[in-house]
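Geometric and topological summary
Listed below, chain by chain, are the residues.
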Amino acid sequence: MASSSSRSYKDKDAGVVLSFNGQWVSWSHTVAASLAFLSALVIGSALHYHKIVQNEWYGYPQEWFPSVSATIGDRYPERSIFMLFIAITSGPRFALVGLWYLLTAKPGRTLPKLIGWSGIIRTLTCGGWTYITSTDDHDWHDILMISYIVFTIPWTTGCIALSPPNAKAIKYRKYIAGAFFGTLVPLVYFFIQHKVHRVAGAYTIYAFFEWALIVLDVSFDAVTALDFDSLEITIRDVKGASKGVNHSSVPTAVLEKEKEQATGGVYSAGFRFGEFLDIAADVYHGFVFWSILTSLGVVIWYFPLWHMGISGYEALVMTTISPFLLAIRPLRSFIVSNQRITHLLSLAGLLAYLVKDPVYRLFTVGFGVSMGCLSWAATWYSDSVQPTRLEARILAWTIGLLMSSVAKFAWYTNNPIWPIMHAENGGWNATGLFLAILAALRFTRRGPHQGGNTTEKKSGSSVLSAIGIGGLFFGLHSLLSDTSTMILWVWDGYPIRGPVSNVHGWYTIAATTVGILIGVLRPGFATSWTAYGLGCIGAAYLTLYEQWRGYYGGLTLAAYLMAIAVPMIGNAAKKSPAATFGLGFLIYNFLVLFHVWVVAYAFVPGGPLVREHTDWIMITMMLALGIGLFDLISQQAKNNSSSKKKVGVIRPVNTHHRKYHFGVLGVLNLLFLSANFLRFPTNDYKPYHAKDRLFTAGIWTIHFSLDNDMWSSEYRMRDLIKEMEVDVIGLLESDLQRVIMGNRDTTQFLAEDLGMYVDYGPGPNKHTWGAALLSKFPIVNSTHHLLPSPVGELAPAIHATLDVYGTLVDVFVFHSGQEEDPEDRRLQSEYLSKLMGSTNRPSVLLSYLVTEPLKGNYNTYVSDVSGMHDVDKTDWDRWCEYILFKGLRRTGYARVSRSTITDTELQVAKFVVPNSEEDSKFAWGVPEDVRDRRVEEHEVPEGWRFPRMFRGEGVRGHRYHVFDEPRYYNF
């Protein structure tokens, strides 16, 4: 029976002034919306066909069908007519949302209100991106468009969940919604083909899918006509649909089950804000743990980096083994009973950004990591007697890792609450800390389920379980703490033949999401040897192959790691926490150090034994996971044997919490996609001095993007590169994709902010310190080289061909071996000299050579074999950085001091690309005395000059040094 509150808005007086059936609201909305888009398409095609099919790469006939945005864009009169009909559509649209709420609202139900508000916000954002075009305000147009897409998801799924018992309407909604979301896949694919790969005709295919989305979007709302025919606008319910009366031939229970399956059961139970807040706080607390843990390696790395070897501070990596303290029973009892204290103490890792001294900042982070590992081990242990709560805690921890990856993507691979971040370089430390305190208080508001003196169950082996935990933690941290890590493992240069970090990063998020769902919903499969075998195959493919094949293997491994996390941690939590998590973190530490040793072998004891053996690391990790899985399966078998029925590791009775966790997963995926949309490459980059056919090339050793004071230095590097108007730059010591370096990628931020193409260089599995290339000019082709290094560290090189004002120019970026390995450097000089001599195109070398000018290996690099010339052979004060060239007019050369950004200066040179065959012949054959003739600044054109702001004292610690001014040449 309906309550009085229900009757107050549903039982109306019988008098009717104006009456019409509710379905006319749906039809009027459908007709007005259809006319808006159809009229714009017809009029635009008739009046401006060639203009609206034209895009930045191609026009008619390669592209022959206009996109939605081009059709409704800036041209008169189609834009005005479109806006007129959209304005007419708004009335029926708001009425449709209102009627849907009245039809589905029930006393005590929150979901109809939420869906109603999402419908209103969706309508407003539609008006926003419709009336604010990208020409008017590109940022707001994109923000409103993304918001519209985001709110379409709860509107669509919510309407299915709230559908009245009408079998036909439910069927249509399911089909249309499935088609809508399915269309997004080819839509994105063909957009990438157009935007990134510049495939002719791809934008036309994309346009068809874009128009299909419009048709499906309007059609989905048109289905309300099947439900609104029970309403008469007085408003009076003539069939009782709003009271849940079923007039169809299909039983109500069947329809409810069908709706639950279509929405994954997310809306099946009531929504409680308090429970939602609990889950949100838990996930954020998990995010804080991962933020602090992943920051530890970065702040440790600062010290061996500046000591050029082992510093002693590396010992703080062992702060993670604090769960060993839980072996002391009185201490374990205290910690388990007072978890709020240790969880709050762990937030010291977030406070560390306030500590200016690097040593004390490191110790502060180490303390926070120690408390975090101790606290989570105690929490899992204390909650192990309650499967539902344990599952919720583990989900919060794993989803917290995913949230960390989302945040890092939005901040260009830096975490905004790391202690190397602050307001000056994009940090949100204070906000993050405030939310972390609230989350920790909420996370610990309920007492433990068991005390610290409970005797552990003697089922299974704690040691075997700990080995599995160590492999799991290392796999999650080393491969999944940043979405670009596995992508850079398989990167092999231009033309692009595989995934790209700022385009395909969501695939990693999707794989981890699928893995979490499998681990929770299909634990039997997640803990099977079949799943383990698939994970091993994925690990092998990631290790052995490049491009898409390797990345598909990585995605398989990512899904497996997330799937096995819930049952494996749940199994470990039921045993001694000191043994499983203390020893587990110790094994994790061993793998982390192993992970560093394979590339830092020249600086560490025993390094040559594991030189370049990432394959050994992967094998060790998978064997560790297999050992842990063996213990888990053995324990399951014993349980099954004793109970005579199948018993899982975690068998929660109440799964109500899952819908909130799954909802958070959905929100995080949407946030990532929103950031992905904003970061999508434009590929329309412009050089600074195109009219002069001039480009400025630079070389900079960036010291792994940590400045002298332990702050992330991307912003400061960006400012100097931009102010020096550098068009092409080689970056050395740029590979940060390791646990000890935070799994970062500086090149993403620099390339996107400066508007440049980027080649990351040899990936992290190639065991170098990194060499990267950024260019304002399209990179036509690039290959990666590992030069001979029989003794010392590997020497990476990039050989790239750029399209510079229509002329192909080769650029080499190279980092030589150490001073201590003369034979390595001799072999490398011969290899690179032959490589540079193999091209007859104009060329530039941006390098770190470790030699004195005019002596030794210098004469191999600058030789008849290479054909290269020194940018200024009279500059005697060089040892590391050199710029060489051939076939170009070198017009300027400068050395700019580093300030406190790194330990090496920025060297830059200006070159003019020959404009004719005659100019080219002159550039190749000019006599040495003419080529090296220096002139004063006033003797060269304005566009050839270096910025004056770095003369004298310069700015921010940057100035022209050594010569105290640039040098100019004119021949």
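Residues numbered from 1 in each chain as written. Predicted model: local features only at pLDDT ≥ 70, side-chain atom pairs only at ≥ 80, totals over all residues. Heavy atoms only, no water.

**Re the layout of surface pockets**
Taken as a whole, the second largest pocket spans an internal volume of roughly 760 Å³. Along the walls of the second largest pocket sit 37 residues, with Pro 304, Met 308, Gly 309, Phe 603 and Trp 769 positioned nearest its centre. Elements represented by at least two residues in the lining of the second largest pocket include exactly helix H11 (273-307) and helix H24 (577-597). In the lining of the second largest pocket, the residues fall into 23 nonpolar, eight polar and six charged. (1 Å grid on protein atoms, 1.4 Å probe; cavity = no way out; pocket = protein on both sides within 12 Å on 5 of 7 lines; lining within 4 Å. Points joined across faces, edges and corners; volume = space filled by probe spheres on them. Helix = DSSP H or I, 4+ residues; strand = E, 2+ residues; numbered from the N terminus. Nonpolar A, V, L, I, M, F, W, Y, C, P; charged D, E, K, R; others polar.)

**So, the sheet that holds strand S16 (residues 967-969)**
Taken in spatial order, the eight strands make up an open sheet running S5-S6-S4-S3-S14-S13-S16-S15, and their pairing is mixed. The sheet is open, and its two edges are formed by strand S5 (757-759) and strand S15 (934-935), each paired on a single side. By the bridge criterion, two bridges tie strand S13 (residues 889-896) to S16 in an arrangement that is antiparallel. Its bridge partner lying in S16, Gly 892 is registered against Tyr 968. Each of strand S4 (728-732), S5 and strand S6 (771-775) touches helix H28 (residues 746-754); the most contacted strand, S6, lies at about 10° to it. (Pairing = 2+ DSSP bridges. Contact = heavy atoms within 4.5 Å. Axes fitted to C-alpha atoms, helices over the stretch in contact; angles between N-to-C directions.)

**Topic: empty space enclosed by the protein**
Counting across every chain of the model gives eight cavities of 30 Å³ or more. A volume near 90 Å³ is recorded for the largest cavity. Taken together, Phe 474, Ser 478, Leu 479, Trp 489, His 595, Val 598, Thr 614, Ile 617, Met 618, Met 621, Arg 738 and Pro 764 make up the lining of the largest cavity. Secondary-structure elements contributing two or more residues to the lining of the largest cavity are helix H18 (462-480) and helix H25 (614-643). Across the lining of the largest cavity, the residue classes tally to eight nonpolar, three polar and one charged.

**Some thoughts on the pairing of strand S10 (residues 843-848)**
Sheet faces and side chains relate simply in a regular strand, where the side chains alternate between the two faces. Taken across its six residues, S10 has six buried, putting it largely inside the fold. Where the polypeptide runs from strand S9 (residues 807-815) across helix H29 (residues 822-837) and back to S10, its parallel neighbour, the crossover connection is right-handed. Sheet analysis places S10 next to strand S12 (residues 881-886), joined by six bridges and oriented antiparallel. Paired with Val 844 across the strands is Phe 885, a residue of S12. (Buried < 20%, exposed > 50% of the residue type's maximum accessible area, 1.4 Å probe, protein only. Right-handed = clockwise from strand over helix to strand, strands pointing away.)

**Examining the UniProt feature "domain: PGAP2IP first transmembrane" (unreviewed entry) in the chain**
Listed under "domain: PGAP2IP first transmembrane" (unreviewed entry) in the UniProt record, and renumbered for this structure, are residues 287-441. Annotated as residues 287-441, this span is 67% helix and 0% strand, and its ends, taken at the C-alpha atoms, are 15 Å apart. (UniProt positions renumbered as here; feature names shortened; annotations may be inferred.)

**Details of the sheet that holds strand S11 (residues 869-870)**
Here six strands make up an open sheet; going across it, the order is S7-S8-S9-S10-S12-S11 and the pairing mixed. A single partner strand is all that each edge strand has here, and the edge strands are strand S7 (779-787) and S11. Here S11 runs beside S12; their pairing, made up of two bridges, is antiparallel. Across the sheet, His 869 pairs through a bridge with Phe 885, a residue of S12. Here H29 sits on the sheet in contact with S7, strand S8 (795-804), S9, S10 and S12, set at roughly 160° to S7.

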